[in-house]
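Residues per chain, in single letters:
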Amino acid sequence: MAIPNAISSSATRAKRPPPSLRVAGQLSCVLLGLAITACAVDWSGPEQQLARRIVAVTGSGRVTFTIENRSSLGERDSEVIQNGLRSALEGLGIRFVKTEQAAATVAIYLSENPATYVWVAEIRQPGAGEAAVVMVSVPRPEGSMTPHESVPLSLRKIPLWTQDDPILDVAVLEENATPTRIAVLDPEKISLYRWQGGKWQQEQTLGIVHTRPWPRDLRGRLIPAKDHLLDIYLPGLICRSAVGTPLTLNCRESDDPWPLVPAALSGGTFSAFPSAGSPSVAIPAVGGFYAPTRNFFSGALTPGVGKFRTVSKFYSAALLPREKYLMWLFASTDGRVHMIDGVNDQATKLDWGSDLTSVRTACGAGWQVLATSSGDGNEDSVRAYELPDRDPVAVSATVDFSGAVTALWTEGKGDTAIAVVRDRETGSYEAFRLAVACSQ
């Protein structure tokens, strides 16, 4: 578009294009404008919805406002949404001021899961003592891409051990930059290995004495201990290592509960959202009773989760500290994930498999759930999620495996997990460490 009185004399002397070309150019501009208008997405509905939920907490008044795009939305859409939210909030009586003048701080995160965009607002008010969280789910426009490369975190798999016999669990006993000593549990023995001379060298193998036959789909756990090397949990059997060299095992039949909380977290207090400085919540040493003839937990808990002493039968569990309570997720045998906060049991059907766990990291919200996919069992994948409310938001791309995941347990320090996979082609078993990284 020409600027009046700013056209040079040389420009005025330029030969004008024929009328046919001028018409074609004008028509192209019109069509381009229509295309841009048609492709634009109307975000006003969810903008208004989120604004109303924010004002229901803050009331009208002075607010400081930030927005962070953690989704696959492009820069243009992100700016449109930011401007739309500001306008919607101003229309409801919000005035934007500097932090020192604000009666509330509103931090908005544009996130997503495989099905929808998820917009989360974290609201802090002086004297309130805790952050309030409100959110809206926004359906993806037709033709939009699902998240993959835009996720804020990455999930890394680090090979630990491979063998032909089934692997039930692997425990890292010593490590520097990488593991230097590990224990490998299989149905009939536990083996200790040390990294020497550029390869794993076997230190010792101990047989596991049991009188009852194992169930068909055997599961087991290795739990490093403080006053001795480790404990072994198997269906109807517990083994404890004795102090001394060489190592010995003392095994006994027992229906004692299996620990559901990693040793480093058990009995401690931890912040629900460390990056936001939220209050800490206590994590008790919860245990679950394992069904000795099956491949799942009976649902009985000790000491329980709030008023719940029993939950639905479950394959695996994950914990997530919230502002004033501890939320547990149970992958139940009914195919649903039960979210229990001590008062309510919310059963949800998610696109997850039967294995899930959680890790405490320095990334994102500070706590992530790792969950397997609900595939056909021939090939599996694991992905990291965060739960700003009760809707999981994918925060990593999937980590794919060449077979079915047969075990997924959080390690003792609580910041990484062990995944065991049976290769679909060779039939061998491989154990990986899964670690969340803050950037790809």
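Data block above holds the structure.
Now for a description of the structure that goes with this document. Note that the structure is predicted; figures quoted are calculated from it, not measured.

### A short note on the sheet that holds strand 3 (residues 104-112)
So, step 1. Pairing in this open sheet of five strands is mixed, and the strands run 2-1-3-4-5 from one edge to the other. In the strand order of this sheet, the two ends are held by strand 2 (94-96) and strand 5 (132-139), each with one partner. Neighbour to neighbour, the strand axes of the sheet diverge by 30° on average, direction disregarded.
So, step 2. Summarising the sheet, strand 4 (residues 116-124) and strand 5 pair through eight bridges and their orientation is antiparallel. Following the sheet pairing, tyrosine 117 is matched in strand 5 by valine 138.
So, step 3. The sheet strands contacting helix 3 (residues 44-58) are strand 2, strand 3, strand 4 and strand 5, and the helix crosses strand 5 at an angle near 170°.
So, step 4. Packing against the sheet, helix 4 (residues 75-91) makes contact with strand 1 (61-69), strand 2, strand 3 and strand 4, and its axis sits at approximately 165° to strand 1.

### Considering the pattern of salt bridges
So, step 1. Tallied over the entire structure, the rule returns 19 salt bridges.
So, step 2. When the shortest N-O distance is used, the salt bridge between glutamate 425 and arginine 424 registers 3.8 Å.
So, step 3. By relative accessible area, glutamate 425 is classed as exposed at 66%.
So, step 4. Arginine 424 gets classed as partly exposed once you look at its relative accessible area, which sits at 44%.
So, step 5. Three or more residues joined by partner-sharing salt bridges are found here, namely Glu174, Arg181, Arg194 and Glu203.

### Concerning the packing of aromatic side chains
So, step 1. Enumeration according to the criterion identifies 16 aromatic pairs in this entry.
So, step 2. Ring centres of tryptophan 328 and phenylalanine 330 lie 5.9 Å apart, and the angle between their planes is 15°; this geometry places the pair in the stacked category. As far as the burial class goes, tryptophan 328 and phenylalanine 330 line up, both buried.
So, step 3. Arranged with centres 5.3 Å apart and planes meeting at 55°, the rings of phenylalanine 401 and phenylalanine 432 form a pair that is tilted. Here phenylalanine 401, found in the loop between strand 29 (399-400) and strand 30 (403-410), pairs with phenylalanine 432, found in strand 32 (residues 429-437); they are 31 residues apart in sequence, far enough to count as distant.
So, step 4. For phenylalanine 401, a relative accessible area of 6% gives the class buried.
So, step 5. The buried category is assigned to phenylalanine 432, whose relative accessible area is 7%.
So, step 6. Seen from the ring of phenylalanine 96, arginine 86 lies directly overhead, with NZ or CZ sitting 4.3 Å from the centre.

### Some thoughts on the sheet that holds strand 11 (residues 221-224)
So, step 1. Strand order in the open sheet made by the four strands is 11-12-13-14, with antiparallel pairing throughout. Strands with a single pairing partner mark the edges of an open sheet, and in this sheet they are strand 11 and strand 14 (248-253). When the angles between neighbouring strand axes are averaged without regard to direction, this sheet yields 20°.
So, step 2. In this structure, strand 12 (residues 230-234) lies alongside strand 13 (residues 237-242), joined through four bridges in antiparallel fashion.

### Describing the nonpolar core
So, step 1. Core analysis: the biggest nonpolar cluster contains 54 residues, and Trp328, Leu329 and Trp352 have the highest contact counts within it.
So, step 2. With six residues, strand 22 (residues 326-332) is the largest single contributor of residues to this core.
So, step 3. Apart from the residues lying within four places of it in its own chain, the contact partners of tryptophan 328 are Leu260, Val261, Val286, Val305, Ala317, Ala318, Leu319, His338, Met339 and Ile340.
So, step 4. Of all hydrophobic cores here, the second largest spans 25 residues; its members include Phe65, Ala88, Ile123 and Val138.

### A closer look at the side chain of serine 241
So, step 1. By the element assignment, serine 241 lies in strand 13.
So, step 2. Side-chain polar atoms of serine 241 contact the backbone nitrogen of leucine 229, separated by 3.3 Å.
So, step 3. For serine 241, the side chain forms a polar contact with the main-chain nitrogen of leucine 230, separated by 3.1 Å.
So, step 4. Excluding residues within four positions of it along the chain, serine 241 makes contact with His228, Leu229, Leu230, Leu247, Thr248 and Leu249.

### Re the pairing of strand 13
So, step 1. Linkage of strand 12 to strand 13, two consecutive antiparallel strands, is achieved through a turn of two residues, within which glycine 236 is found at a positive phi near 75°.
So, step 2. Sheet topology note: the strand 13/strand 14 ladder contains six bridges and is antiparallel. Bridge pairing in strand 14 links leucine 237 to glutamate 253.
So, step 3. In sequence, strand 13 turns back onto strand 14 through a hairpin of five residues, with glycine 244 there showing a positive phi of about 140°.

Reading guide: rules and limits
Residues numbered from 1 in each chain as written. Predicted model: local features only at pLDDT ≥ 70, side-chain atom pairs only at ≥ 80, totals over all residues. Heavy atoms only, no water. Pairing = 2+ DSSP bridges. Helix = DSSP H or I, 4+ residues; strand = E, 2+ residues; numbered from the N terminus. Axes fitted to C-alpha atoms, helices over the stretch in contact; angles between N-to-C directions. Contact = heavy atoms within 4.5 Å. Salt bridge = Lys/Arg side-chain N within 4 Å of Asp/Glu carboxyl O. Buried < 20%, exposed > 50% of the residue type's maximum accessible area, 1.4 Å probe, protein only. Phe/Tyr/Trp six-rings, centres within 6.5 Å; stacked < 30°, edge-to-face > 60°. Lys NZ or Arg CZ within 6 Å of the ring centre and 35° of its normal. Core = buried A, V, L, I, M, F, W, Y, C linked by side-chain atoms within 4.5 Å. Polar contact = N/O pair within 3.5 Å; in protein donor to acceptor, adjacent residues only side chain to side chain.

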